[in-house]
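Observations on the three-dimensional arrangement
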Amino acid sequence: MRWLRLISTTMLRIEILRSAQSLEPLRAAWELLFRPGRDTMFQTAGWNLLATRVFTGSEPLLIHAESDSGAAIIPACIAGGRVEFLGNG
């Protein structure tokens, strides 16, 4: 008996956003990922948008990755030559 192995070729889309203004169009996708009662207020789009505006000593580096299998948003920034989570410092 021969076995046929099918390999999925899922397309991965990645956006790298580098300003508070570029986060606003991402708000809808962010809100779809947010799970009330399980995630904290610090994981909301609104909180992270505020952090990009308040923490001016860091450069926002928001990463949005999406495929047919799922999506992820990494709210990061570059501060003091290091990559950190947004609002961490």
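1. A short note on the sheet that holds strand β3 (residues 70–79)
Spatial ordering of the open sheet is given by β1-β2-β3-β4, a layout of 4 strands whose pairing is antiparallel. The two strands at the open ends of the sheet, each matched to only one other strand, are β1 (13–17) and β4 (82–85). Ignoring strand direction, the axes of neighbouring strands in this sheet form an average angle of 25 degrees. As judged from the 9 bridges shared by strand β2 (residues 59–67) and β3, these two strands associate in the antiparallel manner.

2. A closer look at the layout of surface pockets
Counted as a void, the largest pocket has a volume near 240 Å³. Taken together, W30, L33, F34, R35, D39, F42, Q43, N48, A71, A72, I73 and P75 form the lining of the largest pocket. If one sorts the elements of the lining of the largest pocket by residue count, β3 sits on top with 4 residues. Its residues assigned to classes, the lining of the largest pocket comprises 8 nonpolar, 2 polar and 2 charged.

Procedures and definitions
- The numbering scheme is per chain: residues are counted from 1 as the chain's sequence reads.
- Reporting in this predicted model follows two pLDDT cut-offs: at least 70 for local features of residues, and 80 or more for side-chain atom pairs to be given and counted; totals over whole chains, interfaces and linings ignore these cut-offs and use all residues.
- For side-chain calculations, the full set of non-hydrogen atoms in the structure is used, while hydrogens and water are omitted.
- Here a strand pair is declared whenever DSSP counts at least two bridges between the two strands.
- Helix and strand assignments follow DSSP, with helices taken as H or I runs no shorter than four residues and strands as E runs no shorter than two, numbered in order from the N terminus.
- For helices, the fitted line uses only the C-alpha atoms of the stretch in contact; every axis is such a line through C-alpha atoms, and the angle between N-to-C directions lies from 0 to 180 degrees.
- Within this scheme a cavity is a closed region of a 1 Å grid, computed over the protein atoms alone, that accommodates a 1.4 Å probe without allowing it to escape, whereas a pocket is open but has protein on both sides within 12 Å along at least five of seven lines; lining residues each have an atom within 4 Å of a point.
- Grid points are joined across faces, edges and corners, and a volume is the space filled by probe spheres set on the points.
- By the convention adopted, Pro, Cys, Tyr, Trp, Phe, Met, Ile, Leu, Val and Ala count as nonpolar, Lys, Arg, Asp and Glu as charged, and the other residues, Gly among them, as polar.

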